[in-house]
Amino acid sequence: MSRALKAVVPLFAALLAVTGLALGALMLGPLPTSPAALLAAAAGAGDSTAQLALSLRLPAVLTAVVVGAGLALAGATLQALFRNPLASPDLLGVSSGAAAGAALALLAGLAPWAMQGAAFLGGIASGTLTLAAAAAVRSGDPRLALILCGVVVGALAAALLGLALLAADPYTELPTLTWWLLGAFSRATLAEAVVALGLTSAAAAVLLTLGARLDALALGEDQARALGLPARTLRLLALATAALATSAVVSISGLVGWIGLLAPHAARLLVGETAARLLPMSALLGAAVALIVGQLARAFGPAEIPVGLLTALVGAPAFLALFISRAGRRP
Amino acid sequence: MPSRRALLATALALGPAALAGCQRAPAPVRAGGVLAAGQPAALLIFTLAPERLIGWPRRPVAEALALLSPLADRPEVGALASGGRPIDLEAAAALAPTLALDYGDVDADSQGLARRTRAALNLPYQLIDGRLALSPAAFREAGRRLGVELLGEARAADAEQLLAALPRTGGPSFYLARSGDGLETAFPGALAVEALEAGGWSNVAVGGAGLGRVTAEQLAAWDPEVIVTQDAVFAAAAADQPLWCRRRSGARRRIIVLASRPFGWIDGPPSVNRLIGLAWLGSRDPLGPPDPALAANVAGLHERLYHRRPTPEEMLGLLPRVLA
Amino acid sequence: MSGLRADMRAHMRARGLVVGRGAFRLGPLELDLPPGRRLAVLGPNGAGKSTLLRTLAGLTPALDGTLSAPRPAALLPPPGEVEAAFPVRHMVALGRIGRSPFAPGPSRADLAAAEAALDRLGVADLADRPFDRLSSGQRQLVLIARTAAQGGALVLADEPTATLDPVHAARVAAALDALAGEGALVVIATHDLALAARQDAVLLLTDPPRTGPAGQILTPAALAALYGAPLAVCPGCGRPHG
């Protein structure tokens, strides 16, 4: 069926692109190696420099892929659930909670892996708080309640973070906290990246199984229920999954914005609106953007440019361009 | 999404509120109280005229206070200059200082702050260059302003002796590891590595300025001979990670863990505390296990800078650990 | 044809049914409708037509009384309320999503049923177009196709011809008739008196509510009592009264 083929071709092309970018990222870096040596190292042989380079580049590449895909999935899901193209993973207050968790762990003098764990817990806690608070609000539009609760919880977390910034030692802790907030793909160890990969994959599996039900939920709760779906439960499941994915990725990379907002929009232009195609395409495009940005971060000298800054610099104008092109196509 | 600017705005907005809430009642105003614009200035004042220090921009933690003389028990008042909890001009005026001192970069920002404070509070404001090589002049200037010229002269002589004893060249290539994962570093010329570079050690981190984050691979590419750190959390983790304790050739790499209490030996803050680091750099074998001569030297400096001689047990904790 | 399962054909029975939201109440209502019956609900704005439809659909709990209604119930909102950008075929196939709890998307059978439904309504050529590029009339027909694909035993249409041009209004009315012909119970809330007159029975949301066959109930006096003012035109043909 040519229609099915039309749907698959862009996805396949995106998969190729992501693979190509990932391989490219594995081959670029300050240690002097050649692609041949790296290939040998991947097979277990090869000289020690190539093996070292591979072992050091792999976590960063994996982190970029997981973070990009995770944020894009969460963003696409929230845009469907809120029926709002401006929705992004930050809406539920998860990112702020993760940042606050990391800050408090830093001030407590915990090891870096504990900071990631505290960030994850902080994100989960604030996401749970938002969902619980919104569920307690019975009347009115549930989307509005959710947005307001997300804003409130996010603001509370930001206030906690602000206190932490004040209390941090300006010569030691404050720079570290600032770097964490601005985002980096090079921070996570392979183990941490693999854990995040597991969590994000689980989230992806849930969301992809929900599939067309997300489309139904996007029509509104009444419509979804009239179509025979347990709309409240499914909505909660989708939101919780999005919060989980966001928390998992923010905890290993810090705050990286714009990918969650941008990737679904670009994906929409390429494969249309149905969740079954939109979610995987968003994830692939998100991973691709993250890989590119990760490389850019290291391209200007040995000092890394925080990826959160780069995504903002690249993302904001790109989003504007997408929006204009999309607006131009519609009557 | 809460942008960085929003976070900073929140932090700055909460500053005075938090200060008002947490500040203890200021100590009775002594004749001639001196306001430190930042932590480096506070240390300078504490060394020369501790009884005149109104308060710390950032109160040292209990662990640090235990190593300082009881004169260090001053309240936290916040900093006029950037870095740390801010204090606004009105709160500063309420502390009734007779002199304000800033010790650090002499640039447009700090000069502007000096002008504004002088004008607003009608307060003598002394800005002293914080470069390590100018420490003797700094002591003399501060001694003059604080009315303790003899003491200032004595400390200046100490500083001159320590600077002269530094080997200008021939030190190892080093990488300064900051933050818990060690991937934050300082590039050549930054305050954090001024002491090490003055001691003739060469910073492998080229191509940047100030503080920055690098990747693990970048560190491996630079392949320094020595890792220096003041971060105990990092040191504990790095001891068994091959990335840190082994060079590319496979040989063992030394990780030198310097004390950060009561104040760091080479940084944290970039002030007179760094003289202790200079004593270490000028010692017979800074890369080797610490020797009694260094211990004696450090104990003496401690007493002269912080007005308290560490006990032998405390000295053991203060001397550098070399993980090799 | 539409997949209406025999076990779902059932009467709708309401005894002493009171619906409402907040302080507002409507009822008590007595209803007894067999499958295939078409009921029009008339009332001024604010009388509670939408609330009644939602309660019959099971989306809002009744305040009092008993209700047994056929399931599944398909809800057709007023034109303009449903916004989506996915293709029409997908929109119609979503009607069958309630059937399989774990399938991520419409199956081949679902898509085929969707196309068949679109074909029956005469809009098969719209199958690949994005839903939000259609006119209001076309969207209503697509949503009715979705209802047909859903195999709904109860169809609740909230002002289905509002704002539609006469051609599409007629096609929508015919489509709803066709659904009833296949055995669904159709309840239409409307201001369109001509549409109401075509249905089998009419429910007037007066106080107390009155039900009866369209020909009997739709008298000028009853309508005047319902809307609070005499009607200047004949309800059947739209000609002004003499």
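Residues numbered from 1 in each chain as written. Chains lettered and ligands numbered in written order. Predicted model: local features only at pLDDT ≥ 70, side-chain atom pairs only at ≥ 80, totals over all residues.

**Here we look at the nonpolar core**
Now for step 1: Grouped together as the largest cluster of nonpolar side chains are 186 residues, with contacts concentrated most on Ala145(C) and Leu156(C).
Now for step 2: Per element, the largest residue contribution to this core is 16 residues, and it comes from helix H3 (residues 48–82) of chain A.
Now for step 3: Excluding anything up to four places from it in sequence, Leu156(C) contacts Leu53(C), Leu56(C), Ala57(C), Ala73(C), Leu75(C), Leu76(C) and Val187(C).
Now for step 4: Ala42(B), Ala190(B), Val228(B) and Ile256(B) belong to the second largest nonpolar core, which has 96 residues in total. (Core = buried A, V, L, I, M, F, W, Y, C linked by C-beta atoms within 7 Å. Buried ≥ 20, exposed ≤ 12 C-beta atoms within 10 Å, placed from the backbone. Helix = DSSP H or I, 4+ residues; strand = E, 2+ residues; numbered from the N terminus. Contact = placed C-beta atoms within 7 Å.)

**Details of the packing of helix H2 (residues 35–42) of chain A against H3(A)**
Residues and elements named next belong to chain A.
Now for step 1: In the contact formed by H2 and H3, the axes pass within 8 Å of each other and the chain directions differ by 75°. Of the possible angle classes, the one that applies to H2 and H3 is roughly perpendicular. Here H2 contributes Ala37, Leu38, Ala40, Ala41 and Ala42 to the contact with H3, which in turn contributes Ala50, Gln51, Ala53 and Leu54. (Axes fitted to C-alpha atoms, helices over the stretch in contact; angles between N-to-C directions. Parallel < 35°, antiparallel > 145°, perpendicular 65-115°, else oblique.)

**Section: the interface of chain A and chain B**
Now for step 1: Listed per partner, the contact involves 42 residues of chain A and 36 residues of chain B.
Now for step 2: Of all elements in the fold, only H3, helix H4 (94–107), helix H5 (112–136), helix H6 (142–167) and helix H7 (173–182) of chain A reach the threshold of two or more residues within the side of chain A that touches chain B.
Now for step 3: Element by element, the count of residues in the side of chain A that touches chain B is highest for H6(A), at 8 residues.
Now for step 4: Of the residues contributing to the side of chain A that touches chain B, the split by class is 23 nonpolar, 13 polar and 6 charged. (Nonpolar A, V, L, I, M, F, W, Y, C, P; charged D, E, K, R; others polar.)

**Remarks on the packing of H5(A) against helix H11 (residues 231–253) of chain A**
All names here are of chain A.
Now for step 1: Running from amino to carboxyl end, H5 crosses H11 at an angle of 155°, the nearest separation of the two axes being 8 Å. Comparing the axis directions of H5 and H11 gives the class roughly antiparallel. Considering the relative orientation of H5 and H11, their crossing is right-handed. In this structure, H5 uses Gln116, Ala119, Phe120, Gly123, Ile124, Gly127 and Leu131 to contact H11, whose residues at the interface are Leu236, Leu239, Ala240, Ala243, Thr246, Ser247, Ala248, Val250, Ser251 and Ile252.
Now for step 2: For the contact of H5 with H11, the per-class residue count stands at 11 nonpolar, 6 polar and no charged. (Left-handed = near helix turned anticlockwise from the far one by under 90°.)

**Notes on the sheet that holds strand S1 (residues 34–36) of chain B**
Residue and element names in this part refer to chain B.
Now for step 1: Reading across the sheet, the 3 strands line up as S1-S2-S3 and stay open at both edges, with parallel pairing between neighbours. Of all the strands in the sheet, the pair left with one neighbour each is S1 and strand S3 (125–129). Taken over all neighbouring pairs, the strand axes of this sheet differ in orientation by 25° on average, direction set aside.
Now for step 2: Inspection of the sheet shows strand S2 (residues 99–104) paired to S3 by 5 bridges, in the parallel sense. When the sheet's bridge partners are listed, alanine 100 is paired in S3 with tyrosine 125.
Now for step 3: Relative to the sheet, helix H2 (residues 39–48) contacts S1 and S2, its axis offset from that of S2 by approximately 115°.
Now for step 4: Along the sheet face, helix H5 (residues 108–121) touches S2 and S3 and points at about 165° away from the line of S3. (Pairing = 2+ DSSP bridges.)

**Remarks on the arrangement of the chains**
Now for step 1: Of all 2 pairs of chains sharing an interface, the pair with the highest contact count is chains A and B.
Now for step 2: If you take every C-alpha in chain B and every C-alpha in chain C, the smallest gap between them is 26 Å, and the two do not touch.

**Structural notes on the interface of chain C and chain A**
Now for step 1: Every contact between the two is made by 20 residues of chain C and, on the other side, 20 residues of chain A.
Now for step 2: A per-element tally of the side of chain C that touches chain A places strand S5 (residues 73–76) of chain C first, with 3 residues.
Now for step 3: Split into classes, the residues belonging to the side of chain C that touches chain A amount to 15 nonpolar, 5 polar and no charged.

**Observations concerning the environment of Ala57(C)**
Now for step 1: Looking at the secondary structure, you find Ala57(C) in helix H1 (residues 49–57).
Now for step 2: For Ala57(C), a count of 23 C-beta atoms within 10 Å translates into the label buried.
Now for step 3: Once the C-alpha coordinates of Ala57(C) and Leu204(C) are considered, the two residues, 147 residues apart in sequence, prove to be 19 Å apart.
Now for step 4: Among residues more than four places away in sequence, those in contact with Ala57(C) are Ala226(A), Ala73(C), Leu75(C) and Leu156(C).

**Quick look at unusual backbone geometry**
Now for step 1: Residue Pro262(B) is bonded to the preceding Arg261(B) through a cis peptide linkage, with omega at -10°.
Now for step 2: With respect to the helices and strands, Pro262(B) occurs in the loop between strand S9 (254–257) and helix H12 (274–281).
Now for step 3: A cis amide bond links Gly268(B) with the next residue in sequence, Pro269(B), at an omega value of -5°.
Now for step 4: Looking at where Pro269(B) falls in the secondary structure, it is placed in the loop between S9 and H12.
Now for step 5: Notably, Trp258(A) is not glycine yet its phi reads approximately 75°, a positive angle.
Now for step 6: With respect to the element layout, Trp258(A) can be found in the loop between H11 and helix H12 (259–271).
Now for step 7: In this model, Ser179(B) sits at a positive phi of 70°, which is unusual for a non-glycine residue.

**So, the sheet that holds strand S8 (residues 226–229) of chain B**
All names here are of chain B.
Now for step 1: Read from one edge to the other, the open sheet built from 5 strands follows the order S6-S4-S8-S9-S10, with strand pairing classed as mixed. Edge positions in the open sheet fall to strand S6 (202–203) and strand S10 (321–323), since each of these has one partner strand only.
Now for step 2: For strand S4 (residues 173–177) and S6, the ladder comprises 2 bridges, and the chain directions are parallel. Within S6, the residue paired with serine 173 across the bridge is serine 202.

**Quick word on the domain arrangement of chain B**
Residue and element names in this part refer to chain B.
Now for step 1: Each assigned domain of chain B is listed here: domain 1 (24–164) and domain 2 (173–323).
Now for step 2: The C-alpha-based centres of domain 1 and domain 2 are spaced at 26 Å.
Now for step 3: Across the boundary between the two partners, domain 1 contributes 23 residues, which contact 23 residues of domain 2.
Now for step 4: The set of elements that each furnish at least two residues to the side of domain 1 that touches domain 2 consists of H2, helix H3 (62–65) and helix H7 (149–164).
Now for step 5: Its residues assigned to classes, the side of domain 1 that touches domain 2 comprises 15 nonpolar, 5 polar and 3 charged. (Domains from an automatic or database assignment.)

**Looking at the confidence of the model for chain C**
Residues and elements named next belong to chain C.
Now for step 1: Across chain C, the average pLDDT comes to 85, with 92% of residues at or above 70.
Now for step 2: Here residues 1–8 scores under 50 on pLDDT; set against residues more than four positions off or in separate chains, the count is 15 contacts.
Now for step 3: For this predicted complex, the interface score ipTM comes out at 0.85, alongside a pTM of 0.86. (pLDDT = per-residue confidence, 0-100.)

**Considerations on the environment of Ala120(B)**
All names here are of chain B.
Now for step 1: Along the chain, alanine 120 turns up in helix H5.
Now for step 2: Judged by the 12 C-beta atoms lying within 10 Å of it, alanine 120 is exposed.
Now for step 3: In this structure the C-alpha to C-alpha distance between alanine 120 and serine 173, which are 53 residues apart in sequence, comes to 47 Å.

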